[in-house]
Amino acid sequence: MWSILKREVKNYMKIPLFWMGIIIIIFMLFQNVKPYLDIHYLAEGETIVNDYPTTVHYGDVYEGYVPTGEAQRRKLWEERIGEILISEFEMDDAGAQAILDEMKTMDIMEACAYLDRYGFCNAYYEYVNTAYLKATPEEINAFIAEKLENRTFSYYFSRKFADFAGLFMGFYATVLLSVLFLQDTRRNTYELLHTKPVSAGEYLLGKVGGGFAACLIVLAVLNLTFYILCLVSAGNSGLEVRLRDFLLATAFYILPNMLMVVSVYSLISLVLKNPLPGVPLLLLYIVYSNMGGRNAEGIYGYYGRPLAIMVRFPGTFFDTAPPPMILLNQSFLIIAAIGIIILSMQIWKRRRTY
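Definitions and cut-offs
Residues numbered from 1 in each chain as written. Predicted model: local features only at pLDDT ≥ 70, side-chain atom pairs only at ≥ 80, totals over all residues. Heavy atoms only, no water. Helix = DSSP H or I, 4+ residues; strand = E, 2+ residues; numbered from the N terminus. Polar contact = N/O pair within 3.5 Å; in protein donor to acceptor, adjacent residues only side chain to side chain. Contact = heavy atoms within 4.5 Å. Disulfide = S-S within 2.5 Å. Buried < 20%, exposed > 50% of the residue type's maximum accessible area, 1.4 Å probe, protein only. Arc of directions from axis to C-beta. Salt bridge = Lys/Arg side-chain N within 4 Å of Asp/Glu carboxyl O. Phe/Tyr/Trp six-rings, centres within 6.5 Å; stacked < 30°, edge-to-face > 60°. Lys NZ or Arg CZ within 6 Å of the ring centre and 35° of its normal. Axes fitted to C-alpha atoms, helices over the stretch in contact; angles between N-to-C directions. Parallel < 35°, antiparallel > 145°, perpendicular 65-115°, else oblique. Pairing = 2+ DSSP bridges. Lys, Arg positive; Asp, Glu negative; His and termini not counted. Core = buried A, V, L, I, M, F, W, Y, C linked by side-chain atoms within 4.5 Å.

A. Examining the side chain of Asn223 more closely. Residue placement: Asn223 occurs in helix α10 (residues 200-236). Polar contacts involving the side chain of Asn223 include one to the main-chain carbonyl oxygen of Leu219, which spans 2.7 Å. Beyond its immediate sequence surroundings of up to four residues, Asn223 is in contact with Phe161, Phe246, Leu247 and Thr250.

Put into structure tokens, the structure is as follows:
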């Protein structure tokens, strides 16, 4: 098994695609996480300059926005509603104020339903657009300090790293691992392998282990590269950065996905005697994994899907909560991958000739 594993790793490291892929992933990953490397406590007199609106539906701290408090958000929304009632619905100040007073005891959804009676159908969207507020330097520093009180900076950054690294690694592994069984499934080689005194377990674990090890090498390079970048950028700003956060995020949110990809290739290669049909199938699997949906309240977003091989963190930097039940899903991925490998072994045994 170990000889097969080592051979596969050496073969991958001889392929130009292996190294080109690492360079491309580093470049694309840097483009996506670069704004987060600029997050820091603002010095006295330092401001974040932008020409964005005062309130927006989505804004991050590096852009100068912080989440709007509930009371303040309601006040800003009512002010906006009052402006629209006067400017677009041609009400006078007294009429608009009477409607606002009537809504004081209502929650947002009730108030939006109440405004529907007047033909104001997009009141909720106005509320959505007050989710984030352009903040002063003092407010930004206070917000960062609050979020870092019990967490390190790298705890949040590593999740954004895992978000984009997992996405790019999914496509990279789909292309790279397509050649894992390519040579072995050629007619003469396939038949010859089945006459060799190598067990199904040794062969499959060696091949799968070799492909998985190649992904591990790539992820090790990515982890080290972005840990150093984060350490230089955030560390110099006085923010705490730990390598452990990167390793844990990679172990939880990326490695099970890579194991699933390589195990699927093993099954497809042995069933069809050709790994290449696995490329479009895995691309469809990635699309399925990366699709959004609606929660119980009907709100659209990314909530994860059963046996998905993508874990996304689409929120703002300090709002990087994983999808619900994600650790359970990752555990199921590992179990499913092991089951697929065992099934592949049985297929290999049945086709063996002595």
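B. Molecular detail of the state of the cysteines. Considering all chains together, one arrives at 0 disulfides under this definition. Cys121 provides the cysteine sulfur closest to Cys112, a residue in no disulfide bond, and the two sulfurs are 11 Å apart.

C. Region of interest: helix α4 (residues 93-102). Listed in full, the buried residues belonging to α4 are Ala96, Ile99 and Leu100. Axial view of α4: buried residues confined to an arc of 100°, hence all on one face.

D. The pattern of salt bridges, seen in detail. Across all of its chains, the model carries 9 salt bridges by this definition. Three or more residues are tied together by salt bridges with common partners; here these are Arg7, Glu8 and Lys207.

E. Representation of the packing of aromatic side chains within the structure. Following the criterion strictly, the structure yields 22 aromatic pairs and no others. Relative to Trp19, the ring of Phe18 has its centre 4.9 Å away and its plane inclined at 85°; by these criteria the two rings are edge-to-face. Assessed through its relative accessible area of 39%, Trp19 is described here as partly exposed. Consider the rings of Tyr114 and Tyr118, whose centres lie 5.7 Å apart with planes at 65°: the pair is edge-to-face. The class for Tyr118 is partly exposed, based on a relative accessible area of 35%. A cation over an aromatic ring shows up here: Arg73 above the ring of Tyr127, its NZ or CZ 3.9 Å from the ring centre. In this structure, Arg151 is placed above the aromatic ring of Tyr155, and the distance from its NZ or CZ to the ring centre is 4.2 Å.

F. Seen up close, the packing of helix α3 (residues 70-87) against helix α5 (residues 108-116). With their axes 13 Å apart at the nearest point, α3 and α5 run at an angle of 5° to one another. Considering the angle they form, α3 stands roughly parallel to α5. Contacts between α3 and α5 involve Arg74, Trp77 and Ile81 on the former and, on the latter, Ile108, Ala111, Cys112 and Leu115.

G. Quick peek at α5. Within α5 the residues assigned to the buried category are Ile108, Ala111, Cys112, Tyr114 and Leu115. One face of α5 carries all of its buried residues, which in axial projection span an arc of 160°. Against the buried residues of α5 lie α3, α4 and α6 (123-128). Two or three places before Met109, at the start of α5, stands the capping residue Asp107, its side-chain oxygen 3.3 Å from that residue's backbone nitrogen.

H. Representation of the sheet that holds strand β2 (residues 65-67). Pairing in this open sheet of 3 strands is antiparallel, and the strands run β1-β3-β2 from one edge to the other. Each edge of the open sheet is held by one strand with a lone partner, namely β1 (55-56) and β2. Pairing of β2 with strand β3 (residues 132-134), which is carried by 3 bridges, proceeds in the antiparallel orientation. What sits directly across from Val66, in β3, is Leu133.

I. Representation of the side chain of Arg159 in the model. Along the chain, Arg159 falls in helix α8 (residues 153-176). Buried charged residue Arg159 carries no salt bridge. Nearest counter-charge: Asp319, at 8.2 Å. Here Thr320 takes part through its backbone oxygen, which lies 2.7 Å from a polar atom of the side chain of Arg159. If we ignore the near neighbours within four places in the chain, the residues touching Arg159 are Tyr253, Phe313, Thr320, Ala321 and Pro322.

J. Quick peek at the nonpolar core. Counting 80 residues, the largest nonpolar core has Phe153, Phe157, Met169 and Phe318 as its most contacted members. Of the residues forming this core, the biggest block, 14 residues, is contributed by α8. Beyond its immediate stretch of four places on either side in the chain, Phe318 contacts Ile39, Val61, Phe143, Ile144, Lys147, Leu148 and Tyr156. Within the second largest apolar cluster, 17 residues are counted, among which are Ile81, Ala96, Ile99 and Leu115.

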